[in-house]
Each structure stands twice: as C-alpha cells, then as structure tokens.
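Letter by letter, the chains look like this.
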Amino acid sequence: MSAWEWAQLALYFVVLLLLAKPLGAFMAAVYEGRIPGFVRFLAPVERGIYRVCGVRPEVEHNWKQYAIAMLMFHVVGFVFLYGLQRLQVYLPLNPANMAAVTPDCSFNTSVSFVTNTNWQGYGGETTMSYLTQMLGLTVQNFVSAAAGMAVLVALIRGFVRRQTNAIGNYWVDLTRSTLYILLPLSIVLALALVSQGVVQTFRPYQTATLLQPTSYQQPKLDAEGNPLKDGQGEPVMDTVAVSEQALAVGPAASQIAIKQLGTNGGGFFNVNSAHPFENSTPFSNFLECLAILLIPAALCYTFGVMVKDTRQGWALLAAMTVMCLGFLALCVHQEYHPDPQLAALGVMTTDGADMPGGNLEGKEVRFGVANSALWATTTTCASNGSVNSMHDSYMPVGGLVPMVLMQLGEVIYGGVGSGLYGMIVFVVITVFIGGLMVGRTPEYLGKKIEAHEMKMASIAVLAPCLAVLAGTAIAVMTAQVSASICNPLPHGFSQVLYAFSSAGNNNGSAFAGFGANNPTMNLLLGLAMLTGRFWVKIPVIALAGALAAKKHIPVSDGTLPTHTPLFVAMLIAVVLIVGALTFIPGLALGPIAEHVQLFAAK
Amino acid sequence: MLIVMTVLTGLIYPLVITGIAQVVFPSQANGSLIDREGKPLAGGGAAAGSALIGQPFDAPQYFWGRPSATAPFPYHAGASTGSNWAVTNPSQTDAIKARVAKLRESGIPAGQPIPVDLVTASGSGLDPHISVAAARIQIARVASARGMSEQNVRRLVEQHIEARQFGIWGEPRVNVLRLNLALDAVRAESRLAAVGAP
Amino acid sequence: MMTTAHSKSRPLFDPPIVRRALLDSLIKLHPRHQVRNPVMFVVLVGAVLTLILFFQALGGHGEASPLFILAISLWLWFTLLFANFAEAMAEGRGKAQADTLRKARREIVAHKLAEPRRSAAIVPTPSTELHKGDCVLVEAGAFIPLDGEVIEGVASVDESAVTGESAPVIRESGGDRSAVTGGTRVLSDWLVIRITSNPGESFIDRMIGLVEGAKRQKTPNEIALNILLAGMTIIFLMAVATLLPFSLFTVTALGHGDVITITVLVALLVCLIPTTIGGLLSAIGIAGMDRMIQANVIAMSGRAVEAAGDVDTLLLDKTGTITLGNREATEFIAADGVRIEELADAAQLSSLADETPEGRSIVVLAKHKYGLRGRDIEKMHAHFVPFTAQTRMSGVDMSGTRIRKGAADAIQRFVEAEKGVFPPNLRSTIDSIAKKGETPLVVAQAANGGPARVLGAVRLKDIVKGGIRDRFAQLRTMGIKTIMITGDNPLTAASIAAEAGVDDFLAEATPEAKLKLIRENQAGGRLVAMCGDGTNDAPALAQADVAVAMNTGTQAAKEAGNMVDLDSNPTKLIEVVEIGKQLLITRGALTTFSIANDVSKYFAIIPAAFVTTYPALGALNIMGLATPQSAILSAVIFNALIIIALIPLALRGVKYRAARAQSLLSWNLFVYGVGGLLIPFVGIKLIDLLLVALRLA
C-alpha cells in the first residue's frame, strides 16, 4: 500500500470530521426549530405539509403516541410499497417491461426499505420498474432515514428535558429531517454524481454495438421450455451470437444520492456502487463514501449541541472513529495480503506504481484495494449496506470485518439516527457499569440510569443479536440453505451468518453469492429486519419517554465524566465485548475457521 | 403524510434532478455513450459503447479486459454481477488457473508474473479498466497480432493511462474500450494513409 | 466511640459462621431460592442437565466419556455451592449479630402501672402482654421491657446490648433524651416509661430482622444490575443454543467431524454468563449492610445504604460535628485605662465557680497567660452568682466587690444601673469580635457602692475539630457538598464555615428553614443526607434521602430517619456515605471483572469445541492447553474457583478512597477490567497444568 492510498484514506477522515461540525450545528438548529436563513425559503413548504396532512406542529407527543405514529407511518409505507411492486406491470414508467415482483420478494423488499435496511434479494436492473424505484424505493430511502433521525431527536430530548412527558412531534421531526436535511443534501450530491457519469434518465435501456462480437452457449429448449438432451443425456447446447450490448440505465443518481446519505444502501443496479453507472469515477466514489458517514458523524455534534455540552458529542464521535480506524486497518491489511497460493500460480499480487495489487477478485480497478476496503468498512460501520466491491470475495478476515461491524449493532457511526441512538444505548450500559465503579447510582447527562432504563437498553441490545443468531440457526436447518450458498464451507456458513447479521442489524449488504431470493430466506430475513429495527426503535422511544420524565441531577466531582478519553476507551471496550462476544462462536465456524485453514495449509 | 412525502421525494425530487441533469450533463446522465472515435455520442447514431462500461475482448489483436462473471455472457450490462466466489472456493482457484493458462498461451512467458487484475473477476462484471501493468503485459501480443511495432502500441497505451483523479483519488488505470477503439482508429488511419499515399 | 465498632468486628472467616454457611449453601440449592437469581438459575439447570447426561453416558449412550461429563457436572454444582456459600457467609455474619441481639430480647415480668405516674398501683405483667400506650415502672437493675418514652424520672441506662457501648447513658423525661430501647437495663434510679411499640415490633426486633436479612428486598440498583445480567445471560444463552444448529449444519455439510456436545455447550454457557458477579451479587448487598452494622449504624433498608453512596449534599450540625461543641476563651482585651492583668484576674474570679465549659476555659486562659492560679472561692467568702435567662450574666460577689461577666448589652445594663459608663471604645472592639464570628464576653466590676467599671472583654471562640477541614476537602473531591447547620447568627456562622471549609451554611436555623433547605436541594436533583436527634428534627429527617437518627435521640427522630447511629456520633454521616459508595463500587468492579473474564474463556473453549470439525482452529489455543477436555474443564474450574477467591472482596468491599470520579474509574477499570482480562489466562493455564500433572486429563 503506497503513500497514495494512505493519503486517500487520511483525506477521507479529515474531510468527514471537518464537515461534522458545521453540518451538525445546522441539524441541531433545524431540530430546535431555529431554521437557518439559507433554507428558510422552504418554511412555507413545511407549513404547507402540515396543513395538508392536518398536523398541528405545536402539539407534542408522549412516548407512546410518538411510537404509534412512527409504527403507523411504517405500516402504511409497507403496504404502499408492497402494492407498487406487485402492480408495477400495470403501471407506467416501466420501459423494460418488468413483471410483477413475487409476493415473497415484495414482502422482503418492502420490509427491507421500510426498515432502512435496503437488503436486496433481487437485481435492481432486472426486477424493478423506474416507477417502483422512484415512488417506492426512493421515497422509503428518504422517510425511513428521516424516521431514524426523528427517533434520535426524541431520545436527545429525553436527556435535555426535565419532568415532562412530551418528547416532540413525530411528524414535525420527520418532515424537518426530510425537507431541510436529506433533500437539500441529496440534490447537491445527485448533481455532483451525474457530473461524474452516474446516469439519470427516463430513457429505456441503451444499446451499443460491441467492438468485438462475442457468443455464448445456452441449452436448447424444447417446445415446453425443457432442456433437450442428446443421446448421452448431456444437454444440447445452442451457440448464441452477441453483437450488441444492452446498457441498463435509469433515474439512478437521484436514488443513489439518498441511498448513501440516508444510510440506506439499496442500489439501483444489482452490483450497487461497483456498477460504473452507479459509481463512475474515483471522485464519485469519494463523494458516495463520504455521504455514507456524513450525517451519522455530524449527528454526534448535533447531539452535543442539543444537550448543551459539545464535548459529549465529540466523545462519541471519537469512540466511533477510533473503532472505525481499527477495523479499517485490519480490513486493508487483509486485502493487501491475498491468498499466498496466487503467487505460486504466477500471479503478481503486490501493489506497485502501475497496478493496485492485493485481492482484486470482486473489486474494481478504478477503486483499487484501499478504496474498496474503506467502503466495505464504512458501509458496515454505518447501516448503509451499499457496496463498491463484492464482500463475498474478500479474504476471510477481510470479510469478517464488515460482518463484525454489523454484529456490533451498527453503532460505529451507524445508520442516520439509528447509529447514534444505538450508541447511546451502549453508553447507557457503559455508564451503568462505570457509574457503579465510582460509587454512585449511574447517571448520564444528568439523568439517572435505573432499572427501567436498563430494561429498555437490554432489549435494544438483545433484539438484533436474537434476530441474527436465531435467524441463522433456523436458516441453516432449512432444506433451502444448501441451494442458497454458493461456496463450500466454512465460507458457505459465513454467507448465511453474514446475511442475517446484515438483516438483523438493518445493514443490507451481503455476501452477495448467497441466494436470498427464495420464499424461505425472504421470509426469515424479512422477520430479522423487522426485529432488528423495531425492537430497537420502540425501546429507545420508551427510554426517551422515561428519561424526559426524570429530574436533572447537577454535575459534581463525584459524577462519572463521560467526555474523557478514559470513558471513550471504556465505551469502546463495552461495545466490543458486549457486542462482539456473542458472535465469536459463530464467527469461529465461519471466517475464523476459513482464515486458519487458508493460512495453516501453507 | 406518506402521500405528501411520496410526491415530494418520489416525484418532484427525481424529476428535478433529471431535468437539471439532462440539461447540464446530457452525456453523463444518459450513460456516457461514445462513438467509434471515443468522442461523446451527440444526437443519434450507433454507440460504440459507454466510456464507463467494459466490453468483452478475447481476440489477440485487442487488449483484454478483466474477467467478468456476468451471465449469460461476459460484460452483460443488463445484469451486472461479480463472481461472489470466496478466495477459498476451489472453483475460484480453478478459474484463476485457467485464466493464467490462457494468458500464458497468448504469449506471456512463464517467468513473468501476471498482474492480479487480469485473472480476477471485477465486482460489477463491467469494469472498463485494467491496471497499467496489465495493459503493458499485453503490448507484445497486440502488436504482433496487428503487425504494429511494439513501440507504437506502447505509445498508445501510455497515452491512455488515466492518472489519479485530481491527482489524488483512485488508481492509475487504462480504459480497455477506449484503448481498443484507438487501436482500431490507428489501423483505419494507416489504411487511409496507405490509400491516399500514391 | 469507634472502638466499639472494632470490638464488634469479627474475622472474615469466623469458624462458627463458616460452619453454618457450609450447611446453608446446601439448603440454598433449592430451585425456589435459585430462581431469584437468573444467572445462577441457569447454572442450576446446566448442572442438572449434565447430571442427567452423565447417567445416560453410564448407560453407554453418552455423547462423551462419562467421567468428563461427571467432572463438568460436579464443577457446575460446585459453582452453585460456592455462590451459595458466599451469600451464606454474608448472612452468617448478620445472623451471629442477631443472636447477640436476641439474647437482649428476653421475656421479663414488667411492673405495669395502672396510671401513668410513679405512685400508681403496680400490676406484674409479662412483657409479651404489654401493648402500645401501657405505662411501666422500671427500677434500678431491671430491664426495660419494650421500646418506650420516659414520662417521669431520670436514670442511667446500660444500652450496651444494643450499642455495644459499655458506658451508661442518661435517660430522662422530656427533651431529646427520653427514648429508651427494649432490652436495655436501668442501672440507677427509676423511670416511668410509656410503651411505644407492640411486642415483636420493637427496635430490637426490627434490628434482628434487618441484620438477619430475613426480609431483604432487592434494592433499586441491584434490580437494575440484575436486569443487565439477565440480559447478558439471555444473549449468551442464544449464542450457545444456536451453536448446536451451526455445528450440526457444518458437520453435515463437511461430512466429517463431531457435532458439539450438550456438555460442552453447557460448559461454554456457564463460563460465558456473568456467574462471578451473579454468584456474589446478593452477598455484596448483605455485606454492605453488615459493614454499616459494624460501623454501629443500623440501616432500615438496603435502599438507604445504596442511597448513601449517591448523596451529594451533606447537612451537618455545627455543634458536635464541625466544632467541639463548646466555645473557648482565647484572648483578654482590656478597656482603656485598665491593666490586662486586672481584667484577667477579675474574669478568672468570676469564672472560678462557673462549671460551664466557657467558664472553665477562662480560668485556664488566665492561668496560662498570666500565671493566675485558681483560688478557693470558699476561703475568699465569695458568693457565686449563676447565669440566669433573666440577667444573662454570671459572676461573683465578695466583700463588697461584685464582678459580672456576660453579653455586652446585659453588662451595659448592669453598668448603667450602677452609675457607670460603658466605654464607647470597647463597643467597637466588641463589634469587631462579633463580626469575626466569635463571641465577646464583657467583664465589669462594681466596688463598694462606687460606680461600676467595665474592665474589658473576653474573646470566646468556637473550636473547629482537628482534621475536619481535610475531611471536607475529601468530600469535595468526591463531589459532595457540605452545608453547616447552626443556630448562630449569619456572621458567626460564616466565619466558622470559612474556618471549617464547608461549602455553605444555614444560620439561625429553624426546623422549618432546615426542611426548606432540603427541599430546595432535592428540587435541584440533589440527594441530601443529614443527621438529627431532636423531635423537631423529625420533619427534616423524614424529608432527607439519607437520614441518620442518633440513638440518644427521641423516638420520633428515630422513626423519621432511615438509619440509626448507635454511637450517636454526627461525624458518622461521612462514614455512611463511604460505605454506600463502597457497596456500589464493589458491584461495578465485580461486574467488570466478570465480563472481562469471557475473552480468555473463549480462547480456551472454542478451539477445544471445534477441533474435530476444523483442526486448524487449534491455532487459537494460545494457552497451549493439553487436550480439548482439559481445556474445557479448566475453564469451568476456574469459573467456579474465582467465586471462592472473590468472597473476601465481596464481603469486605472494594477498598474505597476519597477521590475524584475520574481517578476512581481509571484505577478500578485498570484493576478489575484489565485484571479481569488477564487473570483467567494465567488461572486456566495453571489449572490445566495441574490437571495434567494429576493425570486427570
């Protein structure tokens, strides 16, 4: 790995952290109702939305009302999205004549986009019409992200407010997140991406004449569509000549912008941001990668501003960044040290001035190893799930990194809103243990952490773990599993574990060789996504309600300080130990076994 | 609320972006199509391809791109995919062995190591690029197949090296389609020159 | 007074207590007892399950060798027994204490009075048949039958049965020393007592209940911790339970290797769930109350002990807590034209018969500074005039000379009545003394009908207790604010507050003002601790979060408080706070230790469990454990033994030092976090070596 790659990685984090403060301050202002001047022209739109929807913005919700509003909104969104997929064949904007999506795939996809997971069991360019992508998927990209941010803001209010039931108005939080934050950022990003070559068109798929026509073999079919066999029982093959290349295009940039900014990750095309039309140049890659962590990182600062102690926000951001850098280093190191067997085959894998080197299977030359590993790390730190390289073909431990990052609960930056509220749940647990060690009933930001808070925090930590472990266990016991995995064990097991880690933690990335588009996996993964999202969200809203009702305790020298490097270190330890210990046995049967086998054999 | 949001983010937003994109970046927004001279395709006419999407090449007179895992044929731009094979998958090892063998057959001497990007499938299956080293190692074959001097081919390769973007991002690389189009253009030129010379 | 606390403390492993605890730990194996603790209940289920597997293995259908299963099972039972033993040990110390108390609760025949006065008719009644409101006469040598209030008489009472303090205390009707405790003995004189509790509800009964932990309820923080531990147990249960399908799938797909056995799964589960803290949790709580008892403080609930750790505001009475209770003379200041020796002489004369501490201190000061010896007042035919509320002076009359000392305005009245003049210069001196928070006494002399003459002033000063300033500084680093409560005027109070180093003070305190102060602090989110003894303290005691009533105090005060200090030492409040903090720290430290332990156990068990499936995983056996079986067994044994090893820590509590939260955290995190990470690596390896040496593996 040359200085160039180091510089690219360093530049990434520098820009990310530099942007965190201004954007964070902006978001804090939006949520506190102090709409900054340069977006105030949108205020009439905001008021119009409330009028049309009959929302009274000044009426605040208690936690139950807030949770119910959130759930209702998602139920309606789910039904709408499901209907859209099933009926797309009858609806306009379907130039490629996509058929209706199967019921199980529609269920899975609807759950997936409503829960901000954006797991895709299907290939975008071969399944979804433009209308479905826009009205269904893009819309959920916005609102599922906005819903996550709303819940975070409600939780922050829980810390800020004293002895009240009100934790804010869900509709207001949702509208403001979308209108003032996600939409403007998406417009800027989308146009920047188009300038780099990301497609944005309603034209049908384009065709190009191949410079060198090619051909392929396909089995000959009889009248009923069954393959014909020859005398020996071998299928009869037809040679098909190909002289044209059909280029799948569509309104991609607008969707990609929000898929990155809203930590959604659901690509327009099957291979997501590895596709040249979805991520055309190294610079578009930088922008998209930056967009993954931009809002989650900035929300830390928003948190600091809103609780009136920015040190608290920086501390969380520091914890996240340290963990992210550690995992990134591991991933990069692994990917630069590919299968030693390759050298024996006469393949050059060392990187040099004229080649990126490393493990390039499933990676694009324009990104190279460093930018691919960076993306793999950030997309799983955040619950984004978009990919610019195929994680399935990573080195065993290189692929373990994204898997573990998801299993930690998507709290290292994490999803927009969901990452930080997930991290705050870990903070609650850390403060509880740390608070005991300084001899006081634990408190965070002046709020006592007692039995009820521990209960909610425990449920929020438990639910994704249960979804991942139980989902994987059931999946490997089904008959379907052997057809779904495309690699021999132990990697085949890793594929299943990765799928459920991704679904249970609402990431959406995959070891993409895993055949998930079948009724069994669609159902199981859908349930895992629902558990992982709502069994975290609802306890978090309840936590917000309980905290808001509490008195505020003034800080003294006896209070556990939660902004110090020591606390950051302890938080990291708790996240790693509580988050990861659960999965070590499973990982041992997957990537760890694969790693020791690969390197022990040599 | 959902209806309002749908209209706002599902209709107005993509339409606005499409509108602006089609006006400001018409070429990029429609797939960066190029003609046979490698210039952006203006108006109608048959596209020679997209500057961003690779094409399958296995003839000796063309530079070869990276292996592609798309089905049913490589570089099928309507169904992008990677191989998704694990590094420990025997199929992967076999595939690499076959690719190495094919490259050796094409004239790369046994002692010379082959750049890894030439034997591993890209993530999208549509990767338009190969590394500079991967292009250089094919110069001898292409030159001999085309009856051009290695020097001329080399010059063409060096001209087609795309540097790091803005001097920092990405990896130096060669766009295979553009290079091959340029090769064909050289041949067309020389033919023209041959015809017009007397 | 502190010596009594030490005289009561027992060695940690007192043989009788250990004997009883051993038996109790067997009794506590009952599922009804175990189910209260989710972590240990899981261990119990695991122990039963492996025992069944052992019998199955004996029948020849086992999943592993019967010996191995038996070994695992036995160590799981040991784990349970060790945890029970810890709890039993903690209770045992309380029980031993209760036995002593129970001896005091003997049945006696009381002299019940028909009417509430001494002269009324006496009806002999067994103490068990007395009721609230009955009056009894207790004479010298007799035991007080039940808790009550003195309504007539003064007597010295031996309360050592309750307090351990052998010096008798005075009990009298009215005032703040009227409460008596059942089971204590009248030494001299007699008392008429109105009974204030029914049999079985007396103070001693409640104490017995408390120290025995019979009705021990989980405290709020303990409940919260239990939820966290239960949550972790569920997570690990899932992790281990799903391992079976994972292993089954892997083995089926690979076509070789052995599916992980139930025994190994149970072993892994028990090693992962936080058994260390789970097993010691209740022992820590009981031991916390026990430490209170050893400090001679009876906490009415575990909740109160816990709350003590959270206290961030301490209300302390000035007198007795911050100052030595009495003022001392520190300087004579002569009026113009008066020799200082003359003033000292007069002041000493006027105080010779004055038995108040202030008076004595004047005599001492005159002697030390001016070499004036005490004289025999009788021989001088002097007549002592004691202090009265009316004159607000005291003094001495002798051979026509009258010497008076008292507050400035009282002396002024005296001097002017005797045709003297109060010198204006002295007035300013007096004011400056008062401004410093000290008390000026003025001395005047009137001789043989002549005009009275003011000789000068004596400076009286409150003496702040030695070391108290450091103590408050410590409290400040712990984040605790101290507020001094005093009846003095604001000037005096401010000066003493500054000298003692308290953060704030409440001057001219009335019960209402105290109550208001507590409420204000609580409204600001603070937890307030105070101590009190008088009946008029009761409302404030009831309002405070941690309220320590003095044992010498009134019944009303004792009922309003949630702790009773048997030593009646107001400084004890600080110790109470420390014990509370220590309790929480011990819990936190062992939780951290318990969780940190898991890392090494994975390294022991995971390679062992899957070595037949993926032999390459043997690379993770970084401890180099001999065989898969010895690895698993070593981890289980370590897990059990660490409970035993930590019992002394759980009972004694983590050493507490007054420090800022930040430094406490870093120290405890280092010791219990990093220690918890590393120790098991060493421990498991040693056990493994031992197993190999003994040819058990």
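Bear in mind the structure is a predicted one, so any value in this text is a computation, not a measurement. (Residues numbered from 1 in each chain as written. Chains lettered and ligands numbered in written order. Predicted model: local features only at pLDDT ≥ 70, side-chain atom pairs only at ≥ 80, totals over all residues. Heavy atoms only, no water.)

Concerning the domain arrangement of chain A
Note the following rule: In this entry, domain limits derive from an automatic or database-based domain assignment.
According to the domain assignment, chain A contains domain 1 (20–202 + 254–306) and domain 2 (206–247). Placing the centre of domain 1 of chain A and that of domain 2 of chain A at their C-alpha centroids yields a distance of 42 Å.

Points about the pattern of salt bridges
Selection criterion: One side-chain nitrogen of Lys or Arg within 4 Å of one carboxyl oxygen of Asp or Glu is enough to make a salt bridge. Secondary structure elements are defined from DSSP: runs of H or I of at least 4 residues count as helices, runs of E of at least 2 residues count as strands, and each element is numbered from the N terminus. Burial status follows relative accessibility: with a 1.4 Å probe on protein chains alone, a residue under 20% of its type maximum counts as buried, one over 50% as exposed, and anything between as partly exposed.
Going through the model one piece at a time under the given rule, you end up with 39 salt bridges over all chains. Here C:Asp310 and A:Lys448 are joined by a salt bridge, their closest N and O atoms 3.6 Å apart. Here A:Lys448 lies in strand E5 (residues 447–448) and C:Asp310 lies in helix H12 (residues 302–310), a pairing that spans two chains. With a closest N to O distance of 3.7 Å, C:Arg339 and C:Glu341 form a salt bridge. On the basis of relative accessibility, which here comes to 55%, the residue C:Arg339 falls in the exposed class. One continuous salt-bridge network, built from bridges that share partners, spans A:Glu364, A:Arg366, B:Arg66 and B:Asp127.

What about the sheet that holds strand E7 (residues 179–180) of chain C?
Residue and element names in this part refer to chain C. Basically, it comes down to this: The rule for pairing is simple: two strands pair if DSSP sees at least two bridges between them.
Reading across the sheet, the six strands line up as E2-E1-E3-E9-E4-E7 and stay open at both edges, with antiparallel pairing between neighbours. Each having just a single partner strand, strand E2 (122–126) and E7 make up the two edges of the open sheet. Where strand E1 (residues 109–113) lies against strand E3 (residues 135–139), three bridges are found, and the strand directions are antiparallel. Its bridge partner lying in E3, Lys 112 is registered against Val 136.

Description of the layout of surface pockets
Spelled out, the test is: Within this scheme a cavity is a closed region of a 1 Å grid, computed over the protein atoms alone, that accommodates a 1.4 Å probe without allowing it to escape, whereas a pocket is open but has protein on both sides within 12 Å along at least five of seven lines; lining residues each have an atom within 4 Å of a point. Grid points are joined across faces, edges and corners, and a volume is the space filled by probe spheres set on the points.
By volume, the largest pocket amounts to about 1,000 Å³. Along the wall of the largest pocket there are 36 residues; nearest its centre are A:Leu576, A:Ala580, A:Leu581, A:Ile584 and C:Val599. Every element with two or more residues in the lining of the largest pocket is listed here: helix H10 (310–335), helix H13 (396–407), helix H19 (565–580) and helix H20 (584–600) of chain A together with helix H23 (572–610) and helix H25 (661–693) of chain C. Tallying contributions element by element places H19(A) first for the lining of the largest pocket, with nine residues.

Describing empty space enclosed by the protein
This is how it is decided: Residue polarity is assigned by list, with Asp, Glu, Lys and Arg as charged and Ala, Val, Leu, Ile, Met, Phe, Trp, Tyr, Cys and Pro as nonpolar; anything else, Gly included, falls into the polar class.
Applying the stated criterion to the full structure yields ten cavities of 30 Å³ or more. Its volume calculated, the largest cavity comes out at about 250 Å³. Taken together, 22 residues form the lining of the largest cavity, with A:Gly409, A:Val411, A:Pro464, A:Asn505 and A:Val536 sitting closest to its centre. Put simply, the parts of the chain that give the lining of the largest cavity at least two residues each are helix H14 (418–437), helix H15 (451–477) and helix H18 (519–548) of chain A. Element by element, the count of residues in the lining of the largest cavity is highest for H14(A), at five residues. Of the residues in the lining of the largest cavity, the class split is ten nonpolar, ten polar and two charged. Estimates place the volume of the second largest cavity at around 110 Å³. Along the walls of the second largest cavity sit 15 residues, with A:Asp339, A:Leu342, B:Val87, B:Gln92 and B:Ile96 positioned nearest its centre. Contributing elements (two or more residues each) for the lining of the second largest cavity: helix H11 (341–344) of chain A together with helix H3 (90–105) of chain B. Looking at the lining of the second largest cavity element by element, the count peaks at three residues for H3(B). The class makeup of the residues in the lining of the second largest cavity is eight nonpolar, five polar and two charged.

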